[in-house]
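Remarks on the overall topology
Read off the chains here:
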Amino acid sequence: MPLEVQSHRLENGLTVLLHQARTVPLISLWAWYHVGSKNERPGLTGISHWVEHMNFKGTEGIPKEEMKALVERAGGVWNGYTWIDQTAYFETTRREALPEVLRLEAERMARCVYDPLETETERTVIISELHGAENDPHHLLEIEVVAAAIKAHPYHWPTIGWLSDLQTMTREDLFEYYHRYYVPSNTVLALVGDFEADEALDRIATEFGALPPGEPLPVVRTREPEQEGERRVVIRREGTTSYVALAYPAPAFSDPGFYPFLVLDGLLAGGKGINLWSNRMSQGARHSSPLYRHVVGSGLASEVSTQLLPTEHPYLYFVWATVQAGRNPSKVEGALRDVVEGGAGIDWSEEAVERARHQLRAAFAFDMDSVTKIGHQLGYFETIADHRDFLRFGENLDTVDLDDVRRTASTCLGETRRTTGRYVPLEGTND
Amino acid sequence: MTEPHQQRGFSPYRVVLSNGFTLLAKENPMSPAVVAALSLPAGPAAERNGERGLSHFVARLLERGTARRSAQAIAESIDERGAALDTDVDQETVELTLETLLEDLPRLLPLLAELMREPSFREEEIERVRGEILTQLREDQDDTQAVAEDTVRALLYPSGHPYGRKVEGDEASVRSFNRGDLHGFHEQAYGPRGAILAVAGGVEAERVEVLVSDCLGDWEGRGGMDLTVATPPGGGAIRRRAYRMPRKSQVDLALAFLGLPRSDPQYYSALVMNYILGQSGLGGRLGHNVRDRQGLAYYCYSRLETGRGPAPLMIRAGVAREDVDRALSAITEEVRRMAQDGATAEELKQAKAYLIGSLPRAAETNHGLTHLLILQERYGLGDDYLRDFPDLIGAVELEDVAEAANQLLALDSYALALAGPVEA
């Protein structure tokens, strides 16, 4: 899938990716900082995400209200997110606003204000975000499963952070972390849309060029030790529905095992692509897939889904199921294992592999249908790997054959590597 | 500054077949994909009394088998092409959305037509879907946001009104439906009248017309209808209900007013007013007060819904138990301020710039295009709607915003629902 991308690097280390798409009068500017929850430590968990929140609250050159106003005037949408490897910000606006949004991101990189009163107000907002997420049993279960499946590596704690850290972190902690990680040498800018390349580069150089590169940053060195036996976590809380989760260590995006695993997931549940910004990643298993037929088609579960996400370090492969009312959760667990570990219903054939590849290629095309999504993908993959690896998605898929997929299944999906999570609803809450 | 994309206009290729079925197509030449969205007036608004959840149950069954194909065969046809079929039901309509690569449209569009026309309602599939819906209902009972929204709708609208219904129904009704009910609803509610197919992508419109005529031109279904929704009487007291869910971490609240029909000429004033009240930035004035200034909530915003009748203007927020009263005070204060004083000139200018400026984004993708096409057709907004939109918004003045606020934000007559660890 040929996508023409110009790649540049300023002297201060800022990486710039440009892709022109001139059919709509829009631009999408993404700023990617190579800092996420894996860069944190106990006592400061959740800091990357809180820093992201603070970076919407005004800079020395652009007060908070004006930040919002300039995006709105241009009919634009803006947002950001933080995850385990990265923090991203974007604006998608009418093309005329390019100079303003470039200025916005340059100001955001170096001159955010971190007003102490604003910091305190945001503390309760973030705690509200944490509590809102806790209302959801899936979220609670995910936190427990990840923490059990990953014991050593800093992927262990949730991006939102632990409540006590959020209650005690200071404005100085945040400000210091911000200035340490938000430097040009730690940043990728991705610009997609209707713009003149030379003009854009000039502006970028003007806005960002004078910023010092930043000090070298600590690298996350911890490697998760090999898992040598099954782990199990249970949450017993008021609720109405039972959930089951399975998790297995999964390769990082740049590991040779990633593409075979992606195709294997396609055989199990249908290929979903690799765009975190797409709804597709959290949708249920395809209805013709072995997981769906065995677990939902049988009436044991009402939903089943899987997730393999592209990450910088090895993370996890998830399988989720919602137990149908009145059904035995242990049977659901057994049915999941029958397929995922036992291969029940899996079509181990070249045709099936090609079908999974085709689903992945189609998803790839669907998930690049806007300047926003293209900007997301280019910046996302440049941050955790190299954007050219992403552009070679189709070729990389083509190198996967049936043997690779079978080997991945037998090595990665078994009891020794499994973490099981159960959400057990206690009776009599909400009536 | 020239805006060639808007000057070309947005007039889609529009055809009404002899059976009343409407096709809209918009070519998006750079796209390797196509989205075909089928909208039918076969949602809860088509249910009779005692049929709560029937429209949703039927919609869920469409892809579970036709006269000629099993559920498995249908799934395989879609999955082997890497395509996606989604089914959505809201208070008025059922929408089936197919996304495929271009080369698969000739095979999958007829499949979509077949699913809609001749579902088989096999018993084993009925029981499977029944189990899934019942589980979903139980999950929703544990979901503070769902409980708040479902409750506020039921409070806002008179008993039996479709906008007051939970789309999925309730346990008792879903348990009660048999094959006769499902098939009967399909016969009565599905037909070419009122059905709209919107197609956008790298297609040629004339080719799509041929394809659609082939698979839908002979559809004679008795059903189909012009969508009508009763207008409830306004006024009445404030209605409030709290569902105590003590072990939840946060309270979700929904505060709703009767809105206005999409085709009402005042709609654009209401849209601008609502944008200022609860959409701009982090949630308009509401978000600025409750989240930004007071730090009481991660989310606080208002949404003006779209409907044939007066769909709600709904305010939502998630707050800690101890902050519920403060948040409600702040919300009602902002509503009062808007209802009494309207907006400022600066706010009006920003809102208009945003709404007009966001058009290219709204029309960028195949999904965005089909959404706009259906909106245009369903509510009779005219083929030049997108071209006219800037003028429609541009014409909104401060007094229009004030009037919309005054009429809609009835602080003596709204519905409020709370769910979570509320005080008893």
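Please read these numbers as outputs of a predicted model, since none were measured by experiment.

**Notes on the overall build of chain B**
Secondary structure summary: chain B contains 17 helices and 11 strands in total. In terms of overall size, chain B behaves like a compact globule, its C-alpha atoms giving a radius of gyration of 22 Å where 424 residues would be expected to give roughly 22 Å. In chain B, once contacts between residues fewer than 6 apart in sequence are set aside, the share between residues at least 24 apart is 83%. For chain B, the computed accessible surface area is about 16300 Å², with 46% contributed by carbon and sulfur atoms. Averaging the positions of the 46 positive and the 65 negative side-chain charges in chain B gives two centres separated by 4 Å.

**So, the side chain of Ser358 of chain B**
All names here are of chain B. Locating Ser358 in the fold gives a position in the loop between helix H13 (345–357) and helix H14 (359–362). What makes Ser358 buried here is its relative accessible area of 13%. A distance of 3.0 Å separates a polar side-chain atom of Ser358 from the backbone oxygen of Leu355.

**Side note on the interface of chain B and chain A**
Each side of the interface is counted separately: chain B has 63 residues, and chain A has 66 residues. Regarding the contact of chain B and chain A, the summed buried area is about 5300 Å², with carbon and sulfur atoms giving 48% of it. Among the residues of chain B in contact with chain A, Asp79, Arg247 and Glu364 of chain B are the three that bury the most area, contributing 11% of the side total. Viewed at the interface, chain A and chain B are joined by 35 residue pairs in polar contact (both at pLDDT 80 or more). For the side of chain B that touches chain A, the secondary structure elements donating two or more residues are helix H3 (71–80), strand S5 (94–101), helix H5 (123–141), helix H11 (284–293), strand S9 (297–304), H13 and H14 of chain B. The element best represented in the side of chain B that touches chain A is H5 of chain B, accounting for 7 residues. Looking at the side of chain B that touches chain A, its residues break down into 18 nonpolar, 21 polar and 24 charged.

**Structural notes on the environment of Asp165 of chain A**
Mapping Asp165 of chain A onto the fold places it in helix H6 (residues 163–168). In this view, Asp165 of chain A contacts Pro42, Gly43, Leu44 and Thr45 of chain A; residues no more than four positions away in its chain are not counted.

**Some words on the environment of Tyr268 of chain B**
All names here are of chain B. Within the fold, Tyr268 resides in helix H10 (residues 267–278). Residue classification places Tyr268 among the buried positions, given a relative accessible area of 9%. Once residues within four sequence positions are removed from consideration, Tyr268 is found in contact with Arg262, Leu381, Tyr385, Phe389, Leu392, Ile393 and Val396.

**Some words on the packing of H10 of chain B against H11 of chain B**
Residues and elements named next belong to chain B. Relative orientation of the contacting elements H10 and H11 amounts to 10 degrees, with a least axis distance of 2 Å. Comparing their axes, H11 and H10 come out roughly parallel. Here Tyr275, Ile276, Leu277 and Gly278 of H10 lie close against H11, whose contacting residues are Gly284, Arg285 and Leu286. Counted by class, the contact of H10 with H11 contains 4 nonpolar, 2 polar and 1 charged residues.

**Observations concerning the pattern of salt bridges**
For the structure shown, the criterion picks out 73 salt bridges over all chains. For Arg94 of chain A, the salt bridge identified is with Glu96 of chain A, shortest N-O distance 3.5 Å. The exposure class assigned to Arg94 of chain A is buried, which follows from its relative accessible area of 10%. Residue Arg107 of chain B is joined to Glu80 of chain B by a salt bridge in which the shortest nitrogen-to-oxygen separation is 3.7 Å. Of this pair, Arg107 of chain B sits in helix H4 (residues 105–117) while Glu80 of chain B sits in helix H3, and the two are 27 residues apart along the sequence. By relative accessible area, which is 49% here, Arg107 of chain B ends up partly exposed. For Glu80 of chain B, a relative accessible area of 32% puts it in the partly exposed group. Residues joined by salt bridges that share partners form a network here, namely Glu230, Arg232, Glu333, Arg337, Glu341, Arg418 and Arg422 of chain A.

**With respect to the packing of aromatic side chains**
According to the stated counting rule, one finds 41 aromatic pairs over all chains in the structure shown. Centroid distance Tyr299 of chain B to Tyr301 of chain B: 6.1 Å. Interplanar angle 40 degrees. Geometry classified as tilted. You can call Tyr299 of chain B buried: its relative accessible area is 15%. The positively charged end of Arg108 of chain A is found above the aromatic ring belonging to Phe56 of chain A, 4.6 Å away from the centroid. Directly above the ring of Phe175 of chain A sits Arg171 of chain A, whose terminal nitrogen or CZ lies 4.3 Å from the centroid.

**Examining the sheet that holds strand S8 (residues 243–250) of chain A**
All names here are of chain A. On the basis of which strands lie adjacent, the open sheet formed by 5 strands has the order S7-S11-S8-S10-S9 and mixed pairing. Of all the strands in the sheet, the pair left with one neighbour each is strand S7 (231–238) and strand S9 (301–308). Neighbour-to-neighbour, the strand axes of the sheet open up by a mean angle of 15 degrees, direction not taken into account. One ladder, built from 7 bridges, connects S9 with strand S10 (residues 315–323); its direction is antiparallel. Each residue of the ladder has a partner; that of Ala301, found in S10, is Val323.

The rules behind each value
Residues numbered from 1 in each chain as written. Chains lettered and ligands numbered in written order. Predicted model: local features only at pLDDT ≥ 70, side-chain atom pairs only at ≥ 80, totals over all residues. Heavy atoms only, no water. Helix = DSSP H or I, 4+ residues; strand = E, 2+ residues; numbered from the N terminus. Rg over C-alpha atoms; globule rule 2.2 N^0.38 Å. Contact = heavy atoms within 4.5 Å. Areas by Shrake-Rupley, 256 points an atom, 1.4 Å probe, with all protein chains shown as cover. Lys, Arg positive; Asp, Glu negative; His and termini not counted. Charge placed at Lys NZ, Arg CZ, Asp CG, Glu CD. Buried < 20%, exposed > 50% of the residue type's maximum accessible area, 1.4 Å probe, protein only. Polar contact = N/O pair within 3.5 Å; in protein donor to acceptor, adjacent residues only side chain to side chain. Buried area = accessible area lost by both parts, 1.4 Å probe. Nonpolar A, V, L, I, M, F, W, Y, C, P; charged D, E, K, R; others polar. Axes fitted to C-alpha atoms, helices over the stretch in contact; angles between N-to-C directions. Parallel < 35°, antiparallel > 145°, perpendicular 65-115°, else oblique. Salt bridge = Lys/Arg side-chain N within 4 Å of Asp/Glu carboxyl O. Phe/Tyr/Trp six-rings, centres within 6.5 Å; stacked < 30°, edge-to-face > 60°. Lys NZ or Arg CZ within 6 Å of the ring centre and 35° of its normal. Pairing = 2+ DSSP bridges.

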